[in-house]
Each structure stands twice: as structure tokens, then as C-alpha cells.
Amino acid sequence: MTDPLSRRAFLGRSALIGCSLAASPLLTPVTFASAPGDNRLVVIVLRGGMDGLDVVRPLGDPNYAALRAMAEPEADPPVDLDGFFAMHPKLRVLEPLWKDGDLGFVHAVSTPYRDKRSHFDGQDVLEAGITDLSQGLTRDGWLNRMLQHYPGAGTETAFALGRDPMTVMTGDAPVSRWTPEADLALSPQALRLAEVVMAEDPLFASTFAQSVALAGGDGDPVEFTGGADEMMSMMQADQRASRGVALETRIASFAAQRLRADTRIAAFSINGWDTHERQDRSLPRALGRLAEVILTLKSELRGPVWKKTAIVAMTEFGRTARLNGTTGTDHGTGGAMVLAGGAIRGGRVVADWPGLAEADLYDRRDLMPTRDLRAHTGWLLRGLYGLNRDLIETTVFPGAELGDDPGLLL
């Protein structure tokens, strides 16, 4: 005999799958607002210090081979890009985007952060968008400051996604937040049953409906004649199925859902870029996750939305030019940015290349940054959202000098 079909039974049995729906983010009240304009921006923070010299290899530099001599040759060769730079073989799946002009790179860049090489400080400077930490950390991130000057921005204009705190989104401008735990992956039948259960409490029902919309429910009517036991069984099956999907892929898929609707900006992070040893093993795993994120966004945004989308992946600092004794790399300075999307002028590596001779390296150990990462990001913001150059240099990225337009957008 099944339990009575009541909200109390529904909430009580939800504990069996390890979450209390009463306290779940799924049931958190959500407000919605449309946003002006059609351009979309996805900011991905690569936490740990991505090695730009391995991701986008300057094979045409005569000093590169000696700095990066590996004990064992790679089974899969890198992907030639332009005769000078080559892309890490793990990114080969992105080669069609490169050929279509939807993938590009910016090399030999960094934030103004120098010398101390702390992940925490480096990420603070990156996400706050400031010059240094001598005056302390600002209470807001550069992307939130941009939103504060984006006319018509509402609470669903921007999403901070994932489990990691996104300082880049912190500030006075309203930002919606979502974590994978908020999406219980309910089947249509279970959603329908939940709606029936919640109907006895109009306020709770309204909140639940909003939350389902946030989690991506399509709202299609589904007939359901079972009881609470059947519902819980389906919920458990759905959760087991969702566990097989990589965290970053779920985040990218949710971001695409919102970007196809009213959302215009999304930010999240990918961990795993701190490659102190056996970089040939650890870096491909991180690159595989990044490639899957980009391909997921490309697949789910599609058509005109993809054409209006710019994706920028950035990291707190690069890594040493020379491999260390454990065939890894240590914290460095200059690095690379990854750009993707139909709005990007791709198919090229943008760089004022400094060279890799010892005398050309920063502190004789790192790739010398030749331009501020904030300047390239600032030009993206100017092109996508029409922000005034002075506003970018004084408010969004205080102390930055944009310099000449690198032409990152179509």
C-alpha cells in the first residue's frame, strides 16, 4: 500500500535520496527579468594556472623544443594552427571550430599580478579585475561592476554557475546563482506528481513552479496515476542517470538553456590546472573538460544564439617556461586565453610574441607577458555591450590601459 499522496509524504521521503526538498535550492524563490540586447558572454575561470605554452605551443620559436623536451614522445601530435603555433592534441576535437573561425587564442598575456605566485591572490586579482592587492581586495568583481553599468540589467541577466564561489560576479548588481545540486533531474512524471502534491499549498506551488523553470523543466503536462513510492523510485533513477554526466558538462548545458532565454551573461570555473608534475597526464584531463564545455555550448546554443555568443576562458597566471624535474611546470607569469563562439573573430592566435630566449623571459624563468589580460577582456565588453572606454579603464578594470583594439569580435 502506497503512502497518502501528500506534501508531507513527498518531503519526508525525499530524504531517502539525500536531500530535503524543503531546503533544496530547487525550491528557492526565483525572480525573472528580461535583458536588453542579443549578445551573450560566457566567462570561464580556469583555476590552478593553465600552462599556455603547452595549450598553444609556439613550435616556431627556436627555443621552445629545449625548454619542453619530454622523456617520451606524444602518441598524438599537436594540431598545427598557423605554422608557428600548434594546439595541444587534446583540443583536436575543437579543430573544426578553429577552421570555421569560431575558436581563437590570445597569448603572452596576464593580469598585473607578479612574483608571489599564490593561487589565492592570483585568482583574487583576476576576478576583482584590479591592479594589485596593496589596497586590499575590492568587495565586487569586474563582471558585476560591468553589470552595474549595463542599462536594463535584471536578476536573470547574469548567472553564476557551479559550486565554486564566483568572485567575478560578486557585487551590487543582481545575479542569479545555480549549482548542480539545484537540478534534481526529475522525470516529467515525477514533476507532474510534485505539482499535484504542491497544489494544496498555493504559495509553495508557485515557488515550486518557478524553481522547475529555473532548473530547466519544460512544463509540458504529463498524466501520472501512481503514488509517492513510484515518484521516489523515478527520482532515484533520474539522479543515478545524471551522475554519469560530468559536472562541467551539466553546468554548460544549464548555461546554454538560460542563454537561449533571457540570460545574457554566465560565469563558472573549471578546476584542475595546477600541473606541478606529470603534466602530460594531468593537463589533458583538464583540457578534455574544457573542450567538452565548449562543444556542449556550441551544440546547445546553435544557430543565431551561437552567432551572438563570445566565450572567454582565463586563468590566474601561466607557468614556468621550462619543465621541472618531475616533467611538470611551476607557477609562472605569462599565459594564454581561450576564445570561442560565433561572435569571435577566430582562426588566429593574437600575440605580440616576446620570444623564449632566456634573456626574453620574465625573471629568466617565465613567459614574458606583453599585454594585460584585462585589456583584451575590456575590448570584448566594449564590443559586446557598448561600454565607454573610459568606464572600462577606470571602473570595470581600474588602472587598465586598453591600448589598440585587437579585433577579437566580428
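Note: the structure precedes this text.
Predicted model only: the values in this text are computed from it and were never measured.

**Considerations on the overall build of the protein**
From N to C terminus, the protein includes 14 helices and 12 strands. Accessible area for the protein stands at about 17200 Å²; split by element, carbon and sulfur atoms hold 51% of it.

**What about the nonpolar core?**
Generally speaking, soluble globular proteins have nonpolar side chains that are buried together. Ile44, Leu103, Phe105, Leu161, Trp273, Leu290 and Leu297 are the most contacted members of the largest nonpolar core, which has 46 residues in total. A per-element tally of this core places helix α11 (residues 279-301) first, with nine residues. Setting aside anything within four residues of it in sequence, one finds Leu161 in contact with Met166, Trp178, Ile251, Phe254, Ala255, Ala266, Ala267 and Phe268. With 44 residues, the next largest nonpolar core counts Val43, Leu143, Val312 and Ile344 among its residues.

**Some thoughts on the pairing of strand β6 (residues 158-161)**
The alternating pattern of β6 places Ala158 and Ala160 on one face and Phe159 and Leu161 on the opposite face, and all of these are buried. Of the pairings in the sheet, the one linking β6 to strand β8 (residues 265-270) comprises three bridges and is parallel in character. Across the sheet, the residue bridging to Ala160 is Ala267, located in β8.

**Some points on the layout of surface pockets**
Of the volumes computed, that of the largest pocket is approximately 540 Å³. Along the walls of the largest pocket sit 23 residues, with Arg57, Met70, Glu72, Glu74 and Asp280 positioned nearest its centre. Of all the secondary-structure elements, those providing two or more residues to the lining of the largest pocket are α3 (64-67) and α11. Among the elements that line the lining of the largest pocket, the one with the most residues is α11, at three residues. Class assignment for the residues of the lining of the largest pocket results in 12 nonpolar, three polar and eight charged.

**Brief notes about the packing of aromatic side chains**
Applying the stated criterion to the full structure yields eight aromatic pairs. Ring-pair connections join several aromatic residues into one group, and the members of that group are Phe84, Phe85 and Trp353.

**A few points about the pairing of β8**
Of all six residues that make up β8, six are buried, and the element is covered over most of its length. Side chains Ile265, Ala267 and Ser269 project from β8 onto one buried face, and the interleaved Ala266, Phe268 and Ile270 project onto a second face that is buried too. Inspection of the sheet shows strand β1 (residues 40-46) paired to β8 by six bridges, in the parallel sense. The partner of Ile44 across the bridge, within β8, is Phe268.

**Some thoughts on the pattern of salt bridges**
Considering all chains together, one arrives at 17 salt bridges under this definition. A salt bridge links Arg92 to Asp76; the nearest nitrogen and oxygen atoms lie 3.1 Å apart. Placement of Arg92 in the loop between β4 (85-87) and α4 (95-100) and of Asp76 in the loop between α3 and β3 (79-80) is noted, with a sequence separation of 16 residues between them. Residue Arg92 is classed as partly exposed on the basis of its relative accessible area of 30%. Residue Asp366 pairs with Arg117 through a salt bridge whose shortest N-O separation is 2.8 Å. Separated by 249 residues along the polypeptide, Asp366 in the loop between β11 (349-350) and β12 (371-372) and Arg117 in the loop between β5 (103-110) and α5 (119-128) bring together distant segments of the chain. Here Asp366 falls in the buried class, since its relative accessible area comes to 0%. Through salt bridges with shared partners, a single ionic network connects Asp54, Arg57 and Glu74.

**Some points on empty space enclosed by the protein**
Here the structure, examined in full by the defined rule, presents four cavities of 30 Å³ or more. Lining the second largest cavity, in full, are Val109, Ser110, Thr315, Phe317, Gly318, Thr333, Gly335, Ala336 and Leu373. Looking at the lining of the second largest cavity, the elements with two or more residues in it are β5 and β10 (335-340). Looking at the lining of the second largest cavity, its residues break down into four nonpolar, five polar and no charged.

**With respect to the packing of helix α10 (residues 247-260) against α11**
Their axes nearest at 9 Å, the elements α10 and α11 cross at an angle of 30 degrees. In terms of orientation, α10 lies roughly parallel with respect to α11. For the pair α10 and α11, the sense of crossing is right-handed. Between α10 and α11, the contacting residues are Glu248, Thr249, Ala252, Ser253, Ala255, Ala256, Leu259 and Arg260 on the first element and Arg289, Glu292, Val293, Thr296, Leu297, Glu300 and Leu301 on the second. Among the residues forming the contact of α10 with α11, the class breakdown is seven nonpolar, three polar and five charged.

Rules of the game
Residues numbered from 1 in each chain as written. Predicted model: local features only at pLDDT ≥ 70, side-chain atom pairs only at ≥ 80, totals over all residues. Heavy atoms only, no water. Helix = DSSP H or I, 4+ residues; strand = E, 2+ residues; numbered from the N terminus. Areas by Shrake-Rupley, 256 points an atom, 1.4 Å probe, with all protein chains shown as cover. Core = buried A, V, L, I, M, F, W, Y, C linked by side-chain atoms within 4.5 Å. Buried < 20%, exposed > 50% of the residue type's maximum accessible area, 1.4 Å probe, protein only. Contact = heavy atoms within 4.5 Å. Pairing = 2+ DSSP bridges. 1 Å grid on protein atoms, 1.4 Å probe; cavity = no way out; pocket = protein on both sides within 12 Å on 5 of 7 lines; lining within 4 Å. Points joined across faces, edges and corners; volume = space filled by probe spheres on them. Nonpolar A, V, L, I, M, F, W, Y, C, P; charged D, E, K, R; others polar. Phe/Tyr/Trp six-rings, centres within 6.5 Å; stacked < 30°, edge-to-face > 60°. Salt bridge = Lys/Arg side-chain N within 4 Å of Asp/Glu carboxyl O. Axes fitted to C-alpha atoms, helices over the stretch in contact; angles between N-to-C directions. Parallel < 35°, antiparallel > 145°, perpendicular 65-115°, else oblique. Left-handed = near helix turned anticlockwise from the far one by under 90°.

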